Amino acid sequence: MSTDPITATVARNLCTGCGACAGAFPTAIRMVDDPVNGRRPLVAQTAEGREAAEQAVGLCAGVATNWRELQRSDTIDADWGPVIAAWEGWAADPEIRHRGSSGGAVTALGLLALESGAADGVAHAAARRDDPRLAEAVISRDRAGLLRGAGSRYAQASPAESLGPIMRGDEKVVFVGKPCDVASAHKAMRGDSTLVEKVSLTIAIFCAGQPNLVATERLLDRLGVPKGAHLSELRYRGDGWPGLMQATWCDGNGKERKSDAISYAEGWGDILQSERRWRCRVCADHTGAFADISVGDPWHAPPEGDTDNGRSLIVARTPRGKAFIEEALRSGVLIAEPRSRAVIARAQPNLRATHGAVWGRRAAMRGFGLAVPRDEGQGLFRLWLRLPARQKLQSIAGTWKRVWRERLWRPVRIPVRTR
């Protein structure tokens, strides 16, 4: 039996786990949580499943994106995707600012959309109520729902699963996700004019990659959570900037326990980032080029402690995004000051280096005969040429070592009985 195109995408390590395929065809494709490979789609081994996969692969930003569709005018746009304007600021609402990963701008913008009537719902990811180690795609319609999703989740999430309900419904929805999720939403909207009318705004959150469930278990071990404990909350970010990582669980007597807290630097730097999936390491867009608005940390002006009042870097990518940010400023929902369009490079120097290394990593993969994503019109070779000689060499030689060490030529296979 020949392999369908979605299963082939997973097997070739191109899947980002966004969930767009499963959202569009829920009876034929479903997302599952694999501890090592992350959230990945399983296609029903039926004629319906294959037909659905053949249509769904057109939504997959993991396979390909087209940067030529983006309006770019100068070197800043060429490097980062369209940057019409940028601000640095925070949510005026103190609770939203405190709960957010940085300054709460994403939650504040989502709430403005709901309260102003610009949208009926906000599609985003939130921790699963029955197992906070995992995430689920939700559509929130009130403040409480949005706050449930506030704060970063360094776990596998598939918010584009919500695209299916959005397509089949009659509501206007703001879509919030990682850059890869928003890129898939962009592809879906390019192919469906009715979806354009239903998605009133897209917001991307800067992302350095998704760790897997193995990494989450290591984090819980570091936090001192007993094996098999009933977890009720797991926070990676938020409650101040950048926030502390901490877990809450119930012991055998039903008493709630709270773990020690560790810093974001320790949790991300020493535990989580080592288990980022390979597809994330060859990602060419960590800042949301295909969104209307993208939001990230302004690391050029870092906090002095772990729970300082947060600040967000807010970037308008499209005229629609710029108009909405300006409305948020006029209405007092956001407090922010304009910044240079070049601010992303200062705020995210690590991502600038990462984008530069992508061409070398992909070149090394091609040398092994491995499949690589296609990002037409992005100019990755130009970014690679800017790297110092040592980093150029490392991007290639380091990838050769990783391919060999991790046996990346082996097809990724997701067991049917994965939870």
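Further up the page is the structure itself.
The rules behind the values
- Residues numbered from 1 in each chain as written.
- Predicted model: local features only at pLDDT ≥ 70, side-chain atom pairs only at ≥ 80, totals over all residues.
- Heavy atoms only, no water.
- Phe/Tyr/Trp six-rings, centres within 6.5 Å; stacked < 30°, edge-to-face > 60°.
- Helix = DSSP H or I, 4+ residues; strand = E, 2+ residues; numbered from the N terminus.
- Buried < 20%, exposed > 50% of the residue type's maximum accessible area, 1.4 Å probe, protein only.
- Lys NZ or Arg CZ within 6 Å of the ring centre and 35° of its normal.
- Pairing = 2+ DSSP bridges.
- Axes fitted to C-alpha atoms, helices over the stretch in contact; angles between N-to-C directions.
- Patch = residues over 30% accessible without salt bridge, like charges linked within 9 Å, V, L, I, M, F, W, Y side chains within 5 Å.
- Areas by Shrake-Rupley, 256 points an atom, 1.4 Å probe, with all protein chains shown as cover.
- Salt bridge = Lys/Arg side-chain N within 4 Å of Asp/Glu carboxyl O.
- Core = buried A, V, L, I, M, F, W, Y, C linked by side-chain atoms within 4.5 Å.
- Contact = heavy atoms within 4.5 Å.

Caption draft 1: Spotlight on the packing of aromatic side chains. Enumeration over the complete set of coordinates arrives at 10 aromatic pairs. For the ring pair tyrosine 154 and tyrosine 236, a centre distance of 6.0 Å and an interplane angle of 90° mean the geometry is edge-to-face. Of this pair, tyrosine 154 sits in the loop between α7 (143–148) and α8 (163–168) while tyrosine 236 sits in the loop between β9 (230–235) and β10 (241–242), and the two are 82 residues apart along the sequence. Its relative accessible area of 0% is what places tyrosine 236 among the buried residues. Put simply, the rings of Tyr154, Tyr236, Trp241, Tyr264, Trp268 and Trp299 touch in pairs and so form one group of aromatic residues. A cation over an aromatic ring shows up here: arginine 407 above the ring of tryptophan 404, its NZ or CZ 4.8 Å from the ring centre.

Caption draft 2: View of the sheet that holds strand β7 (residues 173–177). With mixed pairing, the 8 strands of this open sheet are ordered in space as β6-β5-β7-β8-β14-β16-β4-β17. Edge positions in the sheet fall to β6 (135–140) and β17 (334–339), since each of these pairs with one other strand and no more. Between one strand axis and the next, the sheet turns through 25° on average, direction left out of account. Pairing geometry for β7 and strand β8 (residues 199–205), over 5 bridges, is parallel. Bridge assignment links valine 176 to a residue of β8, and that residue is isoleucine 203.

Caption draft 3: How the structure looks around a nonpolar patch on the surface. A contiguous nonpolar surface patch, about 470 Å² in accessible area, is contributed by Phe368, Trp400, Trp404 and Trp409. Assignment of secondary structure puts phenylalanine 368 in the loop between α16 (349–367) and β18 (374–376). Taking the relative accessible area as the measure of exposure, phenylalanine 368 reaches 35% and is therefore partly exposed.

Caption draft 4: Local environment of the nonpolar core. Val174, Ile203, Ile293 and Ile314 are the most contacted members of the largest nonpolar core, which totals 28 residues. Elements with a minimum of two residues in this core: β4 (85–91), α6 (105–116), α7, β7, β8, β14 (293–296), β16 (312–316) and α14 (319–330). Broken down by element, this core gets its largest block of residues, 8 residues, from α6. Not counting the four nearest positions on each side in its chain, isoleucine 203 is found in contact with Val106, Leu109, Val174, Phe175, Val176, Gly177, Val182, Ala291, Ile293 and Val295.

Caption draft 5: Spotlight on the pairing of strand β2 (residues 38–43). Summarising burial for β2: 6 of the 6 residues are buried, a large majority. Pairing geometry for strand β1 (residues 29–34) and β2, over 6 bridges, is antiparallel. Paired with aspartate 34 across the bridge in β2 is glycine 38. The antiparallel hairpin formed by β1 and β2 contains 3 residues in its connecting segment.

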